[in-house]
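Secondary and tertiary structure notes
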Amino acid sequence: MKSKHAQVHFNENGIPIADHFDDVYFSNDSGINETQHVFIKGNDLHQRWTLWDKPHFTIAETGFGTGLNFLVAMHEFTKFRQANPHHPLKRLFFITTEKYPLPKADIQRALSTFTSLQAETEALIALYPIGLDGCHRLHFTAFDTILDLWIGDVHQLLGQWHSPEEGLVDAWFLDGFAPSKNPDMWTDALFSQMARLSKNDTTFGTFTAAGIVKRGLANVGFVINKRAGFGRKRDMLTGYFQLTSASENEDNNIETPVRPSPESELQSSPQSLPKATQKKHSQKLRLPEGPYYRYNNAPLTEEHHVVVVGSGLAAATMCLALTKRDIRVTLCFDGDSLAQGASGNPQGGFYPQLHSEASIASRLQAHCFLYARDYYDSVNSNIQLQTSIKTITKTSNKKPTKEENKYDFCGVIQLRFNDKVGVRQAKLVNDDVWPSELIRHVDIDEVRRIAGVDLPYEGLFIPKGGWLSPPQLVSDIIDLAKATGKLTLKPNHCYVSHSSDGDVEFTHGKSITADHVVLALGAGAVGTDAFDSLPLRPVRGQVEAIASQQPIDALKTVLCHKGYMTPAMEGRHALGSTYVKNDLAVEPREEESEQNIATHEQALANTDMVSQLKHDGMARAATRLGSPDHQPVVGALYNFKTLKQEYADLGVGKPFQQVGTLPQSNVSTLSCLGSRGLTTAPLLAEVLASTLLREPLPLNNDLLNAVNTSRFMVREAVRGEF
């Protein structure tokens, strides 16, 4: 999971050169001009954007490198949006791969000479992710652009991109080091995946005119044209993808629908007939993965109305994900105020649950955590900006303090409180699976320095973690969603049911009509018909609110062992938590307070820190909703009991691609976040919103399958349980 960084040196012109491939990252003549010629003009993007009638456009790239191609594309798209503010095309998705990401300092140096891209470069450097394999979704809101930076080998990654049946990509930037320098990339497997992901008439541009590239692209259905290359390169290739066969193209004398730029030199007509076997293989790859296929509905548009039901973090993140895409949302919740369930706990620790192996559960936690940290930074900065504007309008320019915002990314220490834990932690460190920026070993002295209290333990430190106040967070996220003008709140609306016609029924005879419904009910899902075919696991948890006192008043970081303890917020420390299965009661219990204290005393037996504490009994209990495999549940809702028989062939080994996809559904869910909602809610809300709008998805297919609503039905069908 930890990626290998590229090793580079810089030539006399300040151009980075990859030591491993002995090749430049961009042209010695002019990097920006090369990108403009090969990729922007090679895909005729300005013309295509002008004629585009959909809300988003997707560029895919093989080889992120310094990010120069991305920055130029984002710069050009921003100019397009500024010149056409009312155009239907509103967002650019740029999905790219990189096997050996450059260290941030090298990217900064490489891009420093491009002063015309200063704003874009600064934005990229601010969000540039740590070296962790997988997808990193980065939002460049000021530029109307979303970057999915996939770290890892392109051959492993492209097969993990979830694609609509009609294709995902609108234009390819076929980059990377030259075929002579990097032959492992330019393979039939790459070209087949490009065909799988391309729509009809998807274009491509590439700097190379090598025969292996021409033949490979033609063999999977791309129509090839040769143009004048950039600088010292005589030729380059452009073209487009056709789902019809090459023989049909030739019979019908099909020409490229993308008009070449005036300075382009069209030097040859479409290439010869593709190999039938290669074409057949690429077409087979396009088949959807049966019940795990996510794009079952037509995409939502700004003409549609979505009802989100819930009062907590899942509902709030869902509202913001949809409203920032111009979708009109009505949020319905039971009670007078938000955050009444598990999201109502005053404080919560924020950190991922990682293991020594890069399991599906650990990978999901790692990527959700990193996305959530960027997300919360963005929420906090935007709320501070709003507050500052309001304050300046009134009396002064005083900005809210961190304490007023009720959050602190002070880090999290997982203490080595017994030998068994020590063995697990040592394995995690020695196996070297995770980047040190995500989690690293700390000795006793460093634990004491970071924590601010005297603790005789080693441990693991998660520097990007900390604590947040879930009620404050929900309120802030809803405020940002309301600021879009697309959100309406409906308190005292207790969900009862929904119909296939879009009518959502609430208690006391209330109803609302919607084009789509998202149920983010938390433990409120228990007992509802909508969730009857899902195996829900409610778990009660009680958290103590300990008055700040010596010695914990000096605590500066979150401590984790069997439980957790936070630094003080408003004179109270959170200390938790109990886990009581299938208990929906939420009244605080004295015996659970005693249990929480005892758990901390046992874990911290080498210090008398907990035994000194005086507790006045203040506590809060709530029910969290989980699932049997402890993973969230995200996607379309169905009566899976009635659908399961249709997938009986899975039990006799039939491939997923040879069984049908699930039908359309006008209801989805974001639920079963358990005690990890602070970590998982933002990215999984993004996944669901992107699914509903038919956008690229920011998780690997295996991770998407692990949280799919259909997975329990699929497992039972595979085992023949009917």
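Residues numbered from 1 in each chain as written. Predicted model: local features only at pLDDT ≥ 70, side-chain atom pairs only at ≥ 80, totals over all residues. Heavy atoms only, no water.

A few words now on the pattern of salt bridges. Per the stated rule, a full pass over the model turns up 36 salt bridges. A salt bridge links glutamate 302 to lysine 90; its shortest N-O distance comes to 2.9 Å. Taken together, the positions of glutamate 302 in the loop between α10 (276-285) and β12 (305-309) and lysine 90 in the loop between α3 (68-83) and β5 (91-98) put the pair 212 residues apart, joining distant regions of the chain. The class of lysine 90 is partly exposed, set by a relative accessible area of 23%. A salt bridge links aspartate 583 to arginine 589; its shortest N-O distance comes to 2.9 Å. Residue arginine 589 is classed as partly exposed on the basis of its relative accessible area of 24%. Salt bridges here are not isolated pairs; linked through shared partners, they connect Arg91, Arg137, Asp148, Lys324, Arg325, Glu686 and Glu695. (Salt bridge = Lys/Arg side-chain N within 4 Å of Asp/Glu carboxyl O. Helix = DSSP H or I, 4+ residues; strand = E, 2+ residues; numbered from the N terminus. Buried < 20%, exposed > 50% of the residue type's maximum accessible area, 1.4 Å probe, protein only.)

This brings us to the nonpolar core. Ranked by size, the top nonpolar core spans 161 residues in total, and within it Ile59, Trp161, Trp172, Val308 and Tyr376 carry the most contacts. Looking at this core element by element, the count peaks at 11 residues for helix α12 (residues 360-394). Not counting residues up to four positions away in its chain, the partners in contact with isoleucine 59 are Leu45, Trp49, Ala73, Leu92, Phe93, Phe94, Ile95, Ala171 and Phe173. Core analysis: the second largest hydrophobic core is formed by 34 residues, Tyr495, Ala530, Leu536 and Leu625 among them. (Core = buried A, V, L, I, M, F, W, Y, C linked by side-chain atoms within 4.5 Å. Contact = heavy atoms within 4.5 Å.)

Moving on to the sheet that holds strand β1 (residues 8-10). Across the sheet, 3 strands lie side by side as β1-β2-β3; this open sheet has antiparallel pairing. A strand with exactly one partner marks an edge of an open sheet, and here the two such strands are β1 and β3 (23-24). Bridging between strand β2 (residues 16-18) and β3 involves 2 bridges; their strand directions are antiparallel. When the sheet's bridge partners are listed, isoleucine 17 is paired in β3 with valine 24. (Pairing = 2+ DSSP bridges.)

Evaluated as defined, the whole model comprises 25 aromatic pairs. With a centroid separation of 6.3 Å and an interplanar angle of 50°, the aromatic rings of phenylalanine 21 and tyrosine 100 are classed as tilted. Taken together, the residues span a long stretch of sequence, with phenylalanine 21 in the loop between β2 and β3 and tyrosine 100 in the loop between β5 and α4 (104-111) at a distance of 79 residues. We classify phenylalanine 21 as buried; its relative accessible area is 14%. (Phe/Tyr/Trp six-rings, centres within 6.5 Å; stacked < 30°, edge-to-face > 60°.)

A separate point is the layout of surface pockets. The space that makes up the second largest pocket amounts to roughly 1,400 Å³. Lining the second largest pocket we find 45 residues, and of these Leu127, His139, Phe140, Thr141 and Ser378 sit closest to its centre. For the lining of the second largest pocket, the secondary-structure elements that each account for two or more residues are α5 (118-127), β6 (134-140), β7 (145-151) and α12. A breakdown of the residues in the lining of the second largest pocket according to their chemical character gives 21 nonpolar, 10 polar and 14 charged. (1 Å grid on protein atoms, 1.4 Å probe; cavity = no way out; pocket = protein on both sides within 12 Å on 5 of 7 lines; lining within 4 Å. Points joined across faces, edges and corners; volume = space filled by probe spheres on them. Nonpolar A, V, L, I, M, F, W, Y, C, P; charged D, E, K, R; others polar.)

This part is about the packing of helix α7 (residues 188-197) against helix α8 (residues 211-219). With their axes 9 Å apart at the nearest point, α7 and α8 run at an angle of 40° to one another. By the angle class used here, α7 and α8 are oblique. Here α7 and α8 pass one another in a crossing that is right-handed. Across from Asp188, Phe191 and Met194 in α7, the residues of α8 making contact are Ile212, Val213, Gly216 and Leu217. Here the residues of the contact of α7 with α8 sort into 5 nonpolar, 1 polar and 1 charged. (Axes fitted to C-alpha atoms, helices over the stretch in contact; angles between N-to-C directions. Parallel < 35°, antiparallel > 145°, perpendicular 65-115°, else oblique. Left-handed = near helix turned anticlockwise from the far one by under 90°.)

Time to look at the confidence of the model for the protein. On average, residues of the protein score 91 in pLDDT, and 92% of them reach the 70 mark or higher. Predicted confidence is poor over residues 245-274, with pLDDT under 50, and the contacts of this stretch with residues over four places away or in other chains come to 54 contacts. (pLDDT = per-residue confidence, 0-100.)

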